[in-house]
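Tertiary structure, described
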Amino acid sequence: QDWELDKEGFLDLLGKLVEEGKFLQNSPKAGLIPEEDRAAKHILERLEPYKKENGGVISIEHIHVSPEKHPNRGNIILRYPADAPLDAPVVSYVGSHMDVVYANPDSWDKDPFTFIVEDDIVHGRGTTDCLGHCALLTNLFIQLAKNKPDLNGMRVVGVLICDEEAGGSSGDDMVGVEGLQAKGLLNDLIHGPLIWLDCADKQPNIGSGGLVQWNLIVHGKMAHSGFPHKAVNAIELGCDALLEMQKDFYKSFPVHEKEALYGFESTSSFKATHTRMPEGGINQIPGEYTLQGDVRLIPFYRIEKAIEVLKQSVERLNTVEELEKLQGNHGPDSKYVIRDENGDIKVKGQLELTLSEPVQGIACNLDSPGYKALAAATKKIIGEVRPLADTGTLPLVADLQDAGFDVQTIGYGVEDAYHADNEFARISDFQQGFKVLCEVIHSLIP
């Protein structure tokens, strides 16, 4: 209960992980597929003396969910004590991931893949999200192995994962926590609190948002800008359609009465974040325009319902009647349905919506043993409990909660440094975090 983070060991491991960061970047659209085993190698080296096969007390599994296609993308499951039955009470720390987001060295003040320590600050990609947590969890299990505490039949499990930054995958690309769950390798964690260790600012994160990304291709008709009556302006149709879709969305998902209880910083949102169109001159009215964005949904609503609303909205807007209602906001010659002199339709605009795999948001159970233990430990070590809730998204946690797991979330990075240039973290935050994790274990011993 009075253990301290091994600062020297923590920094040494974190430095090795950060310096592998160039090969841990996860951005498939940019052709960056991480090799998490480069990080796992350093973690497993630290744990090697303490594993059961070497006379230690920790069970260590390095699990490749899709070894044929992704031989360098393994997860790590740590169990203490090694021989404890899988139906024994448990506290698990899950979700610390060995991949990182892309870092452009040109936009950083320091090299993102060089580990730099300045007083209490550590610099480098992954220090906050989430290599710092990987080093923290490794340090915890080393100390469990060295000190061999009697947990009166309780187990402690740590799960370090792949592919978190891609939001999860499917099929034979499903290499991370979704794959572990699909294979039943997390089933034994249902016997106690499951604490997702990938958040920031040292407070329980009691709510996170659902997510679905969307792509809306607007098909119009190209024409010379001197003849607007012959065109269906795809930009104008896209903007008007987006506004109508937002009206439908916010009518269906107003501010929920539980948002204040959980302290959500923002409500549900449906918005564009990116646009693109084919090359063309300024004197051309474009015939195609693409908007992209996402839905961030308060977890008291189901993300599947948001998908249904968006599909219905596009279906409605694609009718001639609705397109003709919609036109006219950009001048008398701006039309989304062009008719000939007999009133027959010559050209009409068309909306084409595609959606990513959705992720359901989560609202943690504030009456569960897991939350009570985490809140009490935070109060004792940090000095206050100030739960956080936002519409950022965590993969799989809602699926685990739906399956009956007592899921709680916390982390010890710096929120403003998440996915940011010049990412950093504080050593003192991880030192406090180590004590919180130990206190949670101590308080849950039967």
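Given the structure is predicted, the values throughout are model-derived calculations rather than measurements.

Next up on the list: the overall build of the chain. Helix and strand counts for the chain stand at eleven helices and 20 strands. For the chain, the spread of C-alpha atoms along the principal axes amounts to about 90 × 45 × 40 Å. Split into buried and exposed, the 446 residues of the chain put 53% on the buried side. A fraction of 79% describes how many contacts in the chain between residues 6 or more apart in sequence connect residues 24 or more apart. When the accessible surface of the chain is totalled, it reaches about 19,200 Å², and 49% of it is carbon and sulfur. Computed over 42 positive and 69 negative side-chain charges, the inter-centroid distance for the chain is 2 Å.

Strand order in this open sheet of four strands is β11-β13-β9-β16, and the pairing throughout is antiparallel. Looking at strand neighbours, the two that pair on one side only are β11 (269-276) and β16 (350-355), the edges of this open sheet. When strand polarity is set aside, the average angle formed by the axes of neighbouring strands in this sheet is 25°. Inspection of the sheet shows strand β9 (residues 210-219) paired to β16 by six bridges, in the antiparallel sense. Considered in β16, the bridge of His 219 is made with Gln 350. Most of the contacts of helix α5 (residues 234-252) go to β11, to which it runs at about 165°, and overall it touches β9, β11, β13 (288-297) and β16. Sitting on the sheet, helix α7 (residues 303-317) is in contact with β9, β11, β13 and β16, with an inclination near 165° to β16.

A few words on a negative patch on the surface. Negative charge collects at one region of the surface, where Asp 201, Glu 265, Glu 415 and Asp 416 lie side by side. Mapped onto the fold, Glu 415 is located in the loop between β19 (406-410) and β20 (424-426). Under the relative-accessibility criterion, Glu 415 is labelled partly exposed at 33%.

Counting across every chain of the model gives 31 salt bridges. In this structure, Arg 316 engages Asp 248 in a salt bridge whose closest nitrogen and oxygen atoms are separated by 2.8 Å. Of this pair, Arg 316 sits in helix α7 while Asp 248 is found in helix α5, placing the two residues 68 residues apart along the sequence. Residue classification places Arg 316 among the partly exposed positions, given a relative accessible area of 27%. As a salt-bridge pair, Arg 386 and Glu 384 come within 3.6 Å of each other at their nearest N and O atoms. Members of the salt-bridge network, linked through shared partners, are Glu 244, Lys 247, Asp 248, Arg 316, Glu 321, Glu 322 and Lys 325.

Let's shift gears to the state of the cysteines. Cysteine pairs can be linked by a disulfide, which is a covalent bond between their two sulfur atoms. Going through the model one piece at a time under the given rule, you end up with zero disulfides. There is no disulfide at Cys 162, and the cysteine sulfur nearest it, in Cys 134, is 9.8 Å away.

This model, assessed by the stated rule, comprises eight aromatic pairs. Between the aromatic rings of Phe 249 and Phe 253, the centroid separation amounts to 5.1 Å while the plane-to-plane angle is 45°, which identifies the pairing as tilted. In this structure, Phe 249 and Phe 253 share a single accessibility class: buried. Their ring planes at 80° and their centres at 6.1 Å tell us that Phe 264 and Phe 300 sit as a pair that is edge-to-face. Here Phe 264, found in the loop between α6 (259-262) and β11, pairs with Phe 300, found in the loop between β13 and α7; they are 36 residues apart in sequence, far enough to count as distant. Among the aromatic residues, those joined into a ring-pair cluster are Trp 214, Phe 249, Tyr 250, Phe 253, Phe 270 and Tyr 301.

Cut-offs applied
- Residues numbered from 1 in each chain as written.
- Predicted model: local features only at pLDDT ≥ 70, side-chain atom pairs only at ≥ 80, totals over all residues.
- Heavy atoms only, no water.
- Helix = DSSP H or I, 4+ residues; strand = E, 2+ residues; numbered from the N terminus.
- Buried < 20%, exposed > 50% of the residue type's maximum accessible area, 1.4 Å probe, protein only.
- Contact = heavy atoms within 4.5 Å.
- Areas by Shrake-Rupley, 256 points an atom, 1.4 Å probe, with all protein chains shown as cover.
- Lys, Arg positive; Asp, Glu negative; His and termini not counted.
- Charge placed at Lys NZ, Arg CZ, Asp CG, Glu CD.
- Pairing = 2+ DSSP bridges.
- Axes fitted to C-alpha atoms, helices over the stretch in contact; angles between N-to-C directions.
- Patch = residues over 30% accessible without salt bridge, like charges linked within 9 Å, V, L, I, M, F, W, Y side chains within 5 Å.
- Salt bridge = Lys/Arg side-chain N within 4 Å of Asp/Glu carboxyl O.
- Disulfide = S-S within 2.5 Å.
- Phe/Tyr/Trp six-rings, centres within 6.5 Å; stacked < 30°, edge-to-face > 60°.

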